[in-house]
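# Architecture and fold: a report
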Amino acid sequence: MTVLQLDRVTKKFGDFQALDQVSMELNKGEIYGFIGPNGAGKSTTIRILLGMLKATDGRATIFGKDAWKDAAEIHKRCAYVPGDVYVWPNLTGGEVIDVLLKMNGSYSEKKRDEWVERFQFDPTKKARSYSKGNRQKIALIAAFASEADLFILDEPTSGLDPLMEHTFQQGLREVKEAGKTVLLSSHILSEVEKLCDRVAIIRKGKIIERGTLNDLRHLTRMQMQVETRESPEGLAKLSGVHQLEEERGQFTFQADTDHMEEIIDYLNKYGVRKMESTPPTLEDLFMRHYEERSSEENA
Amino acid sequence: MRKQIKGTRILFPILLRQHRLRLLLWLAGLVLVTCFVAYAYPEMYPDQASREAYSITMENPAMIAMLGIGYEHYQEIGSLFALEMLLFSAIAVAVMNILLMSKLTRDDEENGILELVQSRSVGRLSYLTASFMVMLSVNILFVILLAAAMGSMQIEGFGFTGVVLYSGLLGSFGLLFGTMTAFFAHFVTSSRGTSVLSFAALFFFYLLRAVGDVNVVFLSWISPLGWLSRAYVFVENNVFPIGLLLVSSLGLGTLAFILQSKRDIGDGLLPERAGSVHASAFLKTKVGLVMRLQKTMIFMWTIGILLLNIVFALILGDLEAFFLENEAMQAFLTGEGSVMEQFIILLMGIMALFITAPVIISFLRLRGEEKANRTELVFSRAVSRMQLLKAYLIPSILIAVLLPILQAVALWSAGAAVSEDMMSFSDVLGASMVYIPALLLVLGMAVLFIGWLPRAASLVWLFLVYGFIVIYLGDILELPDWVRSLSIYEHVPVYPSEELSYAALLILCGISVFLLFIGAMGYKRRDIEG
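Residues numbered from 1 in each chain as written. Chains lettered and ligands numbered in written order. Predicted model: local features only at pLDDT ≥ 70, side-chain atom pairs only at ≥ 80, totals over all residues. Heavy atoms only, no water.

In this section: the overall build of chain B. Counting secondary structure elements, chain B contains 22 helices and 0 strands. Against the compact-globule benchmark of 24 Å for 530 residues, chain B has a radius of gyration of 26 Å, which places it among compact chains. Along the three orthogonal principal directions, the C-alpha set of chain B runs to about 80 × 70 × 40 Å. Residue pairs at least 24 apart in sequence account for 77% of intrachain contacts in chain B once pairs closer than 6 positions are excluded. (Helix = DSSP H or I, 4+ residues; strand = E, 2+ residues; numbered from the N terminus. Rg over C-alpha atoms; globule rule 2.2 N^0.38 Å. Contact = heavy atoms within 4.5 Å.)

See the structure below:
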């Protein structure tokens, strides 16, 4: 079942094209990663989803309703955590959490207190004295303690310490177990890798890649380390082998996944003693996509 | 000791540079305003008769409470000037020093600058020493500039000794409040708290002096503001108030340094009060949230406007004498009716301009919240554009409707207490309330801007500024009618001296509603920045 859908959404600010035909579909119960560098259009996309910006073209729907027209209605079942949380400086943290929760109607005090406890948050201080991480906890507590079916998180952990990041990831897993849907925009690729079922990569306002992590890995190369009895002459000439390096009889190279079979057959002739392969991290994927695109553009 | 202030020599020029532009503007403003006023005085009160009239007004307890004790019946024009200017100039200088010192002490500590500096090979007292040197230099520079500027003008009745003493009083008063701010900075953990404490002290000393000057003399001797007029500047030229100011600065300064050497960085000596864990039922409503965010602003403006009304009401009894003797003032009163009626009509016109300010401030906060990225979190919850707009409109409308009513009550009751032939309450109320539609119209303009031209929203203030120009300078500049009619406030019927025109009021209300509606349409369909 589709919870959130972007259909060729375009946004222009004057002459500047912030988003170009962005499409995306989130199914119920999945965690969807949304990655891209600063200024790529992540926050603009999210603000269109929140009904704060009006798409120049295309359609954004959440729960089958129009994200712009029915914003307030949609948000009753929605929770949002921005990367930079700005709250009213002269209210206490506890007051801000209550005010935010109340804006969506009734809420469970027990659940709120439980999350205050889990994030080890002191709600008695004026919001102006909180650090970035603590202000983020305010938004996180208000999100986790509300009865939302969709979580929109825009770099939600950028100020949290590792312990609290763990609490956050734990919370996200519980949310997923409860069958809720999450859009997680993040810089921290290891986090996305750990949590997300599918990802979309955005660059300069365009989605350049999307799919499950496995899909994305197929598009790219494995990191190989091989030690053979005899030196594998001509390995470098084999198609699908890149960046071959030798060090004391150890060969390291990158292999295109669609040429894997031929490469292994070839290596077998030389008597494989040891072979290690590592799948590319999201970091590698990300970097490769970016480097390739920039070199294409330069060419 | 040398170890404690190591590095001061490097810090001092940096801190001075940090604040030089703002300080220069302050100094220029203070010196120029003082000189302009001093220059105008001999012309404003050219003869004995006008000074006598002035002295009658100034013997009124309300005036004494506001401005302090007068002396010598103003034989010297300087004493007249000092009565009107010394107290408020001293307050302005104190404000400059409070803002400067709370930035140099607690603010830099709060922002982590002090920590960064202290991590280098720098003494524990160096930052405070450098801060004091900046504050001291500013005050000394101010005294020199003011004395030189006023002295060189050689105005009659402003003896040179008096000029130097006047400048010295202001400078040492500034020093005292700069020092006091540094002292208070040790007690709280935020720069906001520091300046709030310091302003509260200033206000407290002002009240102490007001009561003291009217009734209980010894209270004035506890208040540094009370010391100022005891110098009888331009007449007796007593120097001892400067001595008092300097000695108390020295005492407070010493304490500030002792505390600095003992206190942990980032710590405040007053225990921090834990705030409430839960929001009250009122705060959980949208209007409640907006009201809570604005409560200090609304409270201060209400108090200020009511106090102004009470002060004016208290001089109502001496009005005739004052206006008959003062030609400059007579220019304002040209209409029909008794002096009191004309005065109240004029006063209500001016007060309507004052009341416009909190109405605009309150509503423009919606834009301020957007710029501070705080509407984002609100709109991410189940809150529609119209709901938030309404939550901001309600407090503004309440201010525009209730403040004129409250001020009429304050003006009438204080006036009735001192003057037997006070106007009837319904007339005062009417004179004040006729401006409500105009206030709503300015609010409508603000909504229009927020909806369609949010970046230019502060242009709404021009309506207020233009209103001031027309009321204050309209007659003096002989502005033609069509130029005046560009001011919203000129379309308000003059009540009670003329028949009340409901049509005019209804038209103003109608336009307001229309603007409000169009503005809301814009707000509903535009992008929200943050």
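Residue and element names in this part refer to chain B. What the domain assignment reports for chain B is domain 1 (11-262) and domain 2 (286-525). Each of domain 1 and domain 2 has a C-alpha centre, and these two points are 33 Å apart. Taken residue by residue, the interface counts 8 residues in domain 1 and 7 residues in domain 2. Taken over both partners, the interface formed by domain 1 and domain 2 buries close to 790 Å², and the fraction arising from carbon and sulfur atoms is 72%. Of all residues in domain 1, the largest losses of buried area upon contact with domain 2 belong to T57, N60 and A62, amounting jointly to 44% of the total for that side. Our enumeration of links across domain 1 and domain 2 arrives at 0 residue pairs in polar contact (both at pLDDT 80 or more). Mapped onto the side of domain 1 that touches domain 2, the elements with two or more residues apiece are α2 (48-58) and α3 (61-67). (Domains from an automatic or database assignment. Buried area = accessible area lost by both parts, 1.4 Å probe. Polar contact = N/O pair within 3.5 Å; in protein donor to acceptor, adjacent residues only side chain to side chain.)

Let us now look at the packing of aromatic side chains. Aromatic ring pairs are defined here through the distance separating the ring centres and the angle between the ring planes. Residue and element names in this part refer to chain A. What the rule picks out here adds up to 25 aromatic pairs over all chains. When the ring of F144 is compared with that of F168, the centres are 6.2 Å apart and the planes differ by 50°; the resulting orientation is tilted. One end of the pair, F144, is in helix α5 (residues 132-144); the other, F168, is in helix α6 (residues 162-177), and 24 residues separate them in sequence. Assessed through its relative accessible area of 5%, F144 is described here as buried. (Phe/Tyr/Trp six-rings, centres within 6.5 Å; stacked < 30°, edge-to-face > 60°. Buried < 20%, exposed > 50% of the residue type's maximum accessible area, 1.4 Å probe, protein only.)

Moving on, we come to the side chain of T44 of chain A. Considering the arrangement of structural elements, one finds T44 of chain A in helix α1 (residues 42-49). Beyond its immediate chain neighbours, meaning those up to four positions away, T44 of chain A contacts K11, F13, A18, L19 and L53 of chain A.

Looking at the secondary structure, you find K204 of chain A in the loop between β9 (198-203) and β10 (206-212). For K204 of chain A and A18 of chain A, which are 186 residues apart along the polypeptide, the C-alpha to C-alpha distance reads 7.3 Å.

This part takes up the interface of chain A and chain B. Contacts between the two partners involve 41 residues from chain A, matched on the other side by 33 residues from chain B. Between chain A and chain B lies a buried interface of about 3500 Å² when both sides are counted; carbon and sulfur atoms form 56% of it. Of all residues in chain A, M52, W88 and M103 of chain A bury the most surface against chain B, accounting for 20% of the area lost on that side. Linking chain A to chain B there are 3 salt bridges. (Salt bridge = Lys/Arg side-chain N within 4 Å of Asp/Glu carboxyl O.)

The next subject is the sheet that holds strand β8 (residues 181-186) of chain A. Residue and element names in this part refer to chain A. What the 6 strands build is an open sheet, ordered β6-β7-β8-β3-β9-β10; its pairing is mixed. Each edge of the sheet is formed by a strand with only one pairing partner; in this case those strands are β6 (78-81) and β10. Strand-to-strand twist in this sheet, taken as the mean axis angle between neighbours without regard to direction, amounts to 15°. Sheet topology places β6 next to strand β7 (residues 150-154); 4 bridges connect them, and they run parallel. Residue pairing across strands places A79 opposite F151, the latter belonging to β7. Against the sheet, α1 makes contact with β3 (31-35), β6, β7, β8 and β9, and its axis sits at roughly 150° relative to β7, the strand it touches most. Contacting β6 and β7, α5 runs over the sheet at an angle of about 165° to β6. (Pairing = 2+ DSSP bridges. Axes fitted to C-alpha atoms, helices over the stretch in contact; angles between N-to-C directions.)

Next up on the list: the packing of helix α6 (residues 126-153) of chain B against helix α7 (residues 160-184) of chain B. All names here are of chain B. Between α6 and α7, the least distance of the axes is 9 Å, while the angle of their chain directions is 160°. Classed by the angle they form, the pair α6 and α7 counts as roughly antiparallel. Crossing geometry of α6 relative to α7 is assigned as right-handed. Grouping the constituent residues of the contact of α6 with α7 by class yields 15 nonpolar, 8 polar and no charged. (Parallel < 35°, antiparallel > 145°, perpendicular 65-115°, else oblique. Left-handed = near helix turned anticlockwise from the far one by under 90°. Nonpolar A, V, L, I, M, F, W, Y, C, P; charged D, E, K, R; others polar.)

Our focus in this paragraph is the sheet that holds strand β12 (residues 241-247) of chain A. All names here are of chain A. Taken together, the 4 strands give an open sheet; going across it, the order is β12-β13-β11-β14, and neighbouring strands pair in antiparallel fashion. Single-partner strands in this sheet number two, and they are β12 and β14 (272-278). The mean angle between the axes of side-by-side strands here comes to 20°, regardless of whether they run parallel or antiparallel. In this sheet, strand β13 (residues 250-256) lies alongside strand β11 (residues 221-228) in antiparallel orientation, the contact comprising 7 bridges. Bridge assignment links Q223 to a residue of β13, and that residue is Q254. Sheet strands touched by helix α9 (residues 260-268): β11, β12, β13 and β14. Its angle to β13, the strand with the most contacts, is close to 155°.

So, about the pattern of salt bridges. The full count for this structure, using the stated rule, is 27 salt bridges over all chains. One salt bridge connects K11 of chain A with D527 of chain B, and the closest N-O pair in it is separated by 2.5 Å. With K11 of chain A in strand β1 (residues 2-13) and D527 of chain B in the segment after α22 (502-525), the pair connects residues from two separate chains. With relative accessibility at 24%, the residue D527 of chain B sits in the partly exposed group. Measuring nitrogen to oxygen at the nearest pair gives 3.9 Å for the salt bridge that ties R229 of chain A to E230 of chain A. Look at E230 of chain A and you get partly exposed, because its relative accessible area is 44%.

Now for α9 of chain A. All of the buried residues along α9 of chain A are M260, I263, Y266 and L267 of chain A. For α9 of chain A, the buried positions fall inside an angular range of 130° around the axis, keeping them on one side. (Arc of directions from axis to C-beta.)

Note that soluble globular proteins tend to have their nonpolar side chains buried in a common cluster. Core analysis: the largest hydrophobic core is formed by 152 residues, its most contacted members being F144, F151, I152, F168, L172 and L183 of chain A together with F363 of chain B. Looking at this core, the element that brings in the most residues is helix α15 (residues 339-371) of chain B, giving 16 residues. Among all residues touching F168 of chain A, those that are not within four sequence positions of it are F119, L140, F144, L153, P156, T157, L160, L184 and E191 of chain A. Within the second largest apolar cluster, 78 residues are counted, among which are L30, C35, L176 and L252 of chain B. (Core = buried A, V, L, I, M, F, W, Y, C linked by side-chain atoms within 4.5 Å.)

All names here are of chain A. Counting buried positions over the 5 residues of β7 gives 5, a clear majority of the element. Taking every second residue as pointing to the same face, both faces of β7 are buried, with L150, I152 and D154 on one and F151 and L153 on the other. In the sheet, β7 pairs with β8 via 5 bridges, with the strands oriented parallel. By the bridge assignment for β8, I152 is matched with L183. Taken together, β7, α6 and β8 constitute a β-α-β crossover, and its handedness is right-handed. (Right-handed = clockwise from strand over helix to strand, strands pointing away.)

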